[in-house]
Amino acid sequence: MASASYHISNLLEKMTSSDKDFRFMATNDLMTELQKDSIKLDDDSERKVVKMILKLLEDKNGEVQNLAVKCLGPLVSKVKEYQVETIVDTLCTNMLSDKEQLRDISSIGLKTVIGELPPASSGSALAASVCKKITGRLTSAIAKQEDVSVQLEALDIMADMLCRQGGLLVNFHPSILSCLLPQLTSPRLAVRKRTIMALGHLVMSCCNLVFIDLIEHLLAELGRNDNMSTTRTYIQCTAAISRQAGHRIGTYLEKIIPLVVKFCNVDDDELREYCIQAFESFIRRCPKEVYPHVSTVISLCLRYLTYDPNYNYDDEDEDDNYSDDYSDDYSDDDDMSWKVRRASAKCLDAVVASRHEMLPEFYRSVSPALVARFKEREENVKADVFHAFLSLLKQTRPAQAWLNDPDAMEQGETPLTMLQNQVPMIVKALHRQLKEKSVKTRQCCFNMLTELVTVLPGALTTHIPVLIPGIIFSLNDKSSSSNLKIDALACLYVVLCNHPATAFHPHVSALVPPLVACVGDPFYKITSEALLVTQQLVKTLRGLHTPRGLQTLRGLQTPRAADIDQEVKERAISCMGQIICNLGDHLPNELPGTLLIFLERLKNEITRLTTVKALTLIAGSRLSIDLRPVLPDAVPILASFLRKNQRALKLCTLAALDILSAVTPAMVDAVLAELPPLISESDMHVSQMALSFLSTLAHTHPSALGQLSGGAILSQLIVLVRSPLLQGGALAAMLDFYKALVTTETAGLGYMDVLRMLTGPVYAQSSALGHKQAYCSIAKCVAALTTACPREGPAVDVKNSRSTDSIRLLALLSLGEVGHHVDLSSQPELKTVILDAFSSTSEEVKSAASYALGSIAVGNLPEYLPFVLQEISSQPKRQYLLLHSLKEIIGSSTVAGLKPYVESVWTLLLKHCECQEEGTRNVVAECLGKLTLIDPETLLPRLKGYLLSGSSYARSSVVTAVKFTISDQPQPIDPLLKNSIGDFLKTLEDPDLNVRRVALVTFNSAAHNKPSLIRELLDTILPHLYNETRVRKELIREVEMGPFKHTVDDGLDLRKAAFECMYTLLDSCLDRIDIFTFLNHVEDGLKDHYDIKMLTFLMLARLSCLCSSAVLQRLDRLVEPLRATCTTKVKANSVKQEFEKQDELKRSAMRAVVALLGIPEAEKSPLMAEFQSQIASNQELAAIFDSIQRDSTSANMESMDTS
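Residues numbered from 1 in each chain as written. Predicted model: local features only at pLDDT ≥ 70, side-chain atom pairs only at ≥ 80, totals over all residues. Heavy atoms only, no water.

- Per an unreviewed UniProt entry, the protein chain goes by the name Cullin associated and neddylation dissociated 1 and belongs to Gadus morhua.
- If you open the UniProt record of the protein chain and go to Sequence similarities (unreviewed entry), you find "Belongs to the CAND family." (UniProt positions renumbered as here; feature names shortened; annotations may be inferred.)

As structure tokens, this is what we get:
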């Protein structure tokens, strides 16, 4: 420390030198010292350093002054509070100085100090005292109107301070406001502009009374309308307040908007522009309150979008070959009308982007008006018109899923069909613009076409001849920028991908030369994009009688050989692969040489993955390209890739090996040696690909499988079969392999050999398998073997009394799996054996027996289904297990097979739908639902009839049954269901709690799997749904448990189901929800039971992303319950679970806080800033907050990587 003080005193001495270079170097060294974290100054050094820096601010040399200002930043965080106050005092005094240079440097110094202060949320005392000191001096400087430059600097600093530290100055806000308001009428426009900026930052953190004062003042002045100049300023100020604090101004819009509309009609272009900008900010920031005025705003914008009083467009419409030189001939510097048109375009953009529910209306009125304005003469305005139309297209895209829904299509004109009808008009307008000289205009056209094709694939099929010349014009144009060429190529690529190949055949000869030229372009991004387009174009060439793609080949050989950008190399390889795949038969001379280049690229670590994909493409070509010349060298290299750590490379290599049919047995051996490590539960997808390769091998080279007997591959397979993770694609690949294996009849790998391998461990009784899934997987393999070798009887043992439970479990499951495919009715004692297993002591054996009975029945319905129905009626004790068998029969049988039995099954199920046992009722409901799918026209009306049943159990069974008729795939029942689901959901008003709960569960299933069923009913359903989110005191009761009293809430499950429905609606029907009513109920949920709080925290995080402006308006009301959750303490004598619950609640609440802070301007809210400082000052909360922020940042980074 002593040495540091000595070094600094040396520097201070040099700073007094008369030589400016000495002063400069010493100041520079001091700055380096101050930036070190390790430096600590004693009181005396602090005083001297501060004094010297402040003195240097008045130095004659400008460079020394600049360095001294830069030193203030690190100095503020290194010295004590009273020294910072000295610095601030001096800077404020200097700012009022007569010397202009000193004033400027001092104001920069003050901004530097304010920038270095800790944020308001940290609760720093230093920041608070410094800001208070500055505020008093600034308000007096602003109030003095003698010197405008002082005023401007003071306003600038005030705005900066309010932006960064506004929350600390709450007590000063009234005085700041009274000092700023008079400046709105200043004769200098620059003063007014900066005052508006300062007021914008003030409203983000001021209290409600100050905000009301400001708005009342603005309304009064606008009403008075003394002169146009100040009216313009007040309108600008209103727009600025709306932009910065839209969530607060909403309640005053009823008074503000009529005034703004009135001023919009005044003949003053500048005022008009400010009025339309104000509308734009209202629409973006106050979506709910502005809703009644949207149609007024649209009509004003449409009127002023064409407002060009000094120019006549009429004659252009008749002349299609007009030149764009007219815009150069016409110029009027005083003409401000373009600003009004630009503001109108931007305002329409805001309306379109924020009011999704008005899409049909936009396509009727806004879309034609925008398309008509593509001819706009002012380039900046034209870009905004294009952007507004682009927003309209983007709004149409998310709705596509439900608009393409066959049910939704019945609703008449949808936005997509309306857009489809307008395509010819859009193309006609764009066709002219594609030949414009302006690069910006053409780029806008390409972006527009790309988006149009994404929203409506195939829409341009008939217009391709009109558009291709425009695209070629930009590709050939020497004056085109590289960005324009890239946009043109990207547009061409999307058009090629989304339209039929035949549409491009007449244009191939015109497209190929400019594409080849782009491939040879020196800029790698253009080359890369051109290769992608060429690859897509090659796919369309195959249909031509004389493929013209040979010219492209010459153009591609060069970049592949040269040492160039990796992306270009990869795309060149892919493109070449596509050319050989589609046109290889036309390239007999080039093929051998190209394949050798592929072999070279396969040996290169950078390009090997892309080359493997290209080889896979070529091997799968319908042209049967001969790859034999390169296979002896390529296959060992491919086999070596299976050892690499790169997962994508392993997967692509296995796919390539699977499709290469010309491999010889000698080559196969090298690959088989690498397979055992790949077959493991650690990566199911790689295992699946390896199994798929083995199955292919069994068909193409059965002799090669001889070496599997007793080898590592089979033992790995047996381990994998027992894995609880084996399911889906990997399990299907495993079954295919076993079927293929036993049909090869390889020695040592026959039916019985493989069966012993699979079932041996269970029969050895050394240890039961760890998981039931393992038994199911083995049973499926046994069934696969049996169906592949029907002559071999299924060797399973259920009867043996010595059999352990695990043997019986496997035997029953195997019987079931075999019974699915083979008729087992020839086994007379099968029924008895299975019914005996129903009496087992093991629950797993019972459920396996029930599954086996159902599955065997599927193999022979006439034999077994009547037997199962008979047993259900006569054996009430076994009813539950037998109903599970029936569920299996209904779920797995064919419709034709079941049709004759529907009536008898239906009658039986209805007898049991009023059963006391909820588990039994649920199985009955599932059976009823799945049975309804077989004959919906007859059975759905019957189900509806049972809604009138007097039994609440019957009503709940019927509503649950409807849940099982809904799936995420289109089904014949959908139109019928759409018409009747409203009747089923009326049970949300049922007096019985349980019926209402299952109605909510059914509603949730519909909202999640097929939202189109319930979208039109939301207006009637939502009030009942919201009604179920309330806590009902009459459902809360006290239960005495010995000496303790325990509170039981019978309505909790119902509320939980309601909140789950609300969460689902956020994903599927957000555009149909009044978000503010929704938020009211989320707010209630934040104060509810543990489970519901957890759900509402999730909802809050989701809402922060989906509709941030609405959440921002409610932020102050949402912060309080979050703070209450985070600060709740658990009683010291509570059980461990209570502590864990509270910790989990805190973490979830903190995730919601982090999501809320992700909304721009959220931290400007005084309550949020206060809560943040509370979190920062509490060690436990700060740790949770930091860890969640780190997690969310890393998750964002990962999602960016994967995208």
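### A look at the overall build of the protein chain
Line of reasoning, step 1. Assigned secondary structure in the protein chain consists of 61 helices and 2 strands.
Line of reasoning, step 2. Along the three orthogonal principal directions, the C-alpha set of the protein chain runs to about 115 × 95 × 80 Å.
Line of reasoning, step 3. Counting contacts in the protein chain only where the partners sit at least 6 residues apart, residues at least 24 apart contribute 74% of the total.
Line of reasoning, step 4. About 52000 Å² of surface is accessible on the protein chain, with carbon and sulfur atoms providing 52% of the total.
Line of reasoning, step 5. Taking the average location of the 125 positive side-chain charges in the protein chain and that of its 144 negative ones, the two points are 2 Å from each other. (Helix = DSSP H or I, 4+ residues; strand = E, 2+ residues; numbered from the N terminus. Contact = heavy atoms within 4.5 Å. Areas by Shrake-Rupley, 256 points an atom, 1.4 Å probe, with all protein chains shown as cover. Lys, Arg positive; Asp, Glu negative; His and termini not counted. Charge placed at Lys NZ, Arg CZ, Asp CG, Glu CD.)

### Focus: the packing of aromatic side chains
Each aromatic ring pair is described using two quantities: the centre-to-centre distance and the angle formed by the ring planes.
Line of reasoning, step 1. Per the stated rule, a full pass over the model turns up 6 aromatic pairs.
Line of reasoning, step 2. The interplanar angle of 70° and the centroid separation of 5.5 Å between the aromatic rings of F523 and Y524 together place this pair among those described as edge-to-face.
Line of reasoning, step 3. Judged by its relative accessible area of 36%, Y524 is partly exposed.
Line of reasoning, step 4. Ring geometry for F737 and Y738: centres 5.8 Å apart, planes at 45°, overall tilted. (Phe/Tyr/Trp six-rings, centres within 6.5 Å; stacked < 30°, edge-to-face > 60°. Buried < 20%, exposed > 50% of the residue type's maximum accessible area, 1.4 Å probe, protein only.)

### Focus: the pattern of salt bridges
Line of reasoning, step 1. Scanning the model with the defined rule gives 38 salt bridges in all.
Line of reasoning, step 2. Taking the shortest distance from any N to any O, the salt bridge between D44 and K48 comes out at 3.2 Å. Residue D44 and its partner K48 are located together in helix α3 (residues 43-56), separated by 4 residues, close to a single helical turn.
Line of reasoning, step 3. Among the ionic contacts, a cluster of salt bridges with common partners joins D308, R341, R373, E376 and R377. (Salt bridge = Lys/Arg side-chain N within 4 Å of Asp/Glu carboxyl O.)

### Focus: the side chain of T396
Line of reasoning, step 1. Note that T396 resides in helix α20 (residues 379-396).
Line of reasoning, step 2. Within the local environment of T396, its side chain forms a polar contact with the side chain of Y363, the two groups lying 2.7 Å apart.
Line of reasoning, step 3. Beyond its immediate chain neighbours, meaning those up to four positions away, T396 contacts L359, Y363, P415, L416 and V455. (Polar contact = N/O pair within 3.5 Å; in protein donor to acceptor, adjacent residues only side chain to side chain.)

### Here's the deal with the confidence of the model for the protein chain
Line of reasoning, step 1. Chain-level pLDDT for the protein chain is 80 on average; 90% of the residues reach the 70-or-more range.
Line of reasoning, step 2. Per-element averaging of pLDDT across the protein chain places helix α21 (residues 400-403) at the bottom with 41 and helix α15 (residues 294-305) at the top with 92.
Line of reasoning, step 3. Predicted confidence for residues 399-410 stays below pLDDT 50, and this span has 26 contacts to residues more than four positions away or in other chains.
Line of reasoning, step 4. Counting contacts from residues 1197-1203, a segment whose pLDDT is below 50, to residues more than four positions away or on other chains yields 0 contacts. (pLDDT = per-residue confidence, 0-100.)

### Overview of helix α32 (residues 608-619)
Note that an α-helix has 3.6 residues per turn; residues three or four places apart therefore point the same way.
Line of reasoning, step 1. Between its first and last C-alpha atoms α32 spans 16 Å; for 12 residues at 1.5 Å apiece the expected length is 16 Å, and the two agree.
Line of reasoning, step 2. Counting buried positions along α32 yields 9 of 12 residues, so the element is predominantly enclosed.
Line of reasoning, step 3. Within α32 the residues assigned to the buried category are R608, L609, T610, T611, V612, A614, L615, T616 and I618.
Line of reasoning, step 4. Contacts from the buried residues of α32 go to α30 (566-583), α31 (591-603), α33 (631-641) and α34 (647-659). (Expected span 1.5 Å × (residues − 1).)

### Concerning the nonpolar core
Considering soluble globular proteins, one finds that nonpolar side chains tend to be buried as a cluster.
Line of reasoning, step 1. Membership of the largest hydrophobic core comes to 405 residues, with the highest contact counts inside it found for F279, L675, Y738, L886, I1014, L1065 and F1078.
Line of reasoning, step 2. In this structure F1078 touches Y1026, M1062, L1066, I1073, M1099 and L1103, once residues within four positions along its chain are discounted. (Core = buried A, V, L, I, M, F, W, Y, C linked by side-chain atoms within 4.5 Å.)

### Some thoughts on the packing of helix α43 (residues 843-859) against helix α45 (residues 879-892)
What describes two packed helices is the angle between their axes and the distance between those same axes.
Line of reasoning, step 1. Where α43 contacts α45, the two axes come as close as 8 Å, and the packing angle between them is 40°. Both α43 and α45 take part in a crossing whose hand is right-handed. Taking contact as the criterion, the partners of K846, S847, S850, Y851, L853, G854, S855, A857 and V858 in α43 are, on α45, L881, L882, H884, S885, E888, I889 and S892. (Axes fitted to C-alpha atoms, helices over the stretch in contact; angles between N-to-C directions. Left-handed = near helix turned anticlockwise from the far one by under 90°.)

### Here's the deal with the side chain of E436
Line of reasoning, step 1. Here E436 lies in the loop between α23 (415-433) and α24 (439-455).
Line of reasoning, step 2. Polar side-chain contacts of E436 include one of 2.9 Å to the side chain of K382.

### Here's the deal with the pairing of strand β2 (residues 1044-1049)
Line of reasoning, step 1. For strand β1 (residues 1036-1041) and β2, the ladder comprises 6 bridges, and the chain directions are antiparallel. Bridged to M1041 within β2 is F1044. (Pairing = 2+ DSSP bridges.)

### Some thoughts on the pairing of β1
Line of reasoning, step 1. With 0 of 6 residues buried, β1 lies mostly on the surface of the structure.
Line of reasoning, step 2. In this structure, the hairpin formed by β1 and β2 is closed by a connection of 2 residues, where G1042 is found at a positive phi of approximately 65°.

### Topic: the environment of G115
Line of reasoning, step 1. Structurally, the position occupied by G115 is in helix α6 (residues 100-116).
Line of reasoning, step 2. G115 gets classed as partly exposed once you look at its relative accessible area, which sits at 29%.

### Brief notes about the packing of helix α9 (residues 173-180) against helix α11 (residues 208-224)
Line of reasoning, step 1. Contact pair α9 / α11: the axes reach a minimum separation of 10 Å and the direction vectors enclose 15°. Between α9 and α11, the crossing angle belongs to the class labelled roughly parallel. Once α9 is placed against α11, the crossing between them reads as right-handed. Facing H173, P174 and L177 of α9, the residues of α11 in contact are V210, D213 and L214.
Line of reasoning, step 2. Of the residues contributing to the contact of α9 with α11, the split by class is 4 nonpolar, 1 polar and 1 charged. (Parallel < 35°, antiparallel > 145°, perpendicular 65-115°, else oblique. Nonpolar A, V, L, I, M, F, W, Y, C, P; charged D, E, K, R; others polar.)

### What about helix α2 (residues 20-34)?
Line of reasoning, step 1. Relative to the 21 Å expected for 15 residues at 1.5 Å per residue, α2 spans 21 Å between its end C-alpha atoms, a close match to the ideal helical length.
Line of reasoning, step 2. Those residues of α2 that fall on the buried side of the exposure criterion are R23, A26, T27, L30, M31, E33 and L34. Buried residues of α2 fall within an arc of 160° about the axis and therefore sit on the same side.
Line of reasoning, step 3. Taking the backbone nitrogen of D21 as reference, a side-chain oxygen 2.8 Å away marks D19 as the first, capping residue of α2. (Arc of directions from axis to C-beta.)

### Structural notes on the environment of I471
Line of reasoning, step 1. Residue position: I471 is located in helix α25 (residues 464-476).
Line of reasoning, step 2. Spatially, the C-alpha atoms of I471 and A673 are 53 Å apart, while their sequence positions differ by 202 residues.
Line of reasoning, step 3. Apart from the residues lying within four places of it in its own chain, the contact partners of I471 are F446, A488 and L492.

### With respect to the state of the cysteines
Line of reasoning, step 1. Overall, the coordinates contain 0 disulfides when judged by the stated rule.
Line of reasoning, step 2. With no disulfide of its own, C652 lies closest to C581 among cysteine sulfurs, the gap being 16 Å.
Line of reasoning, step 3. C652 sits in the buried class, given a relative accessible area of 16%. (Disulfide = S-S within 2.5 Å.)

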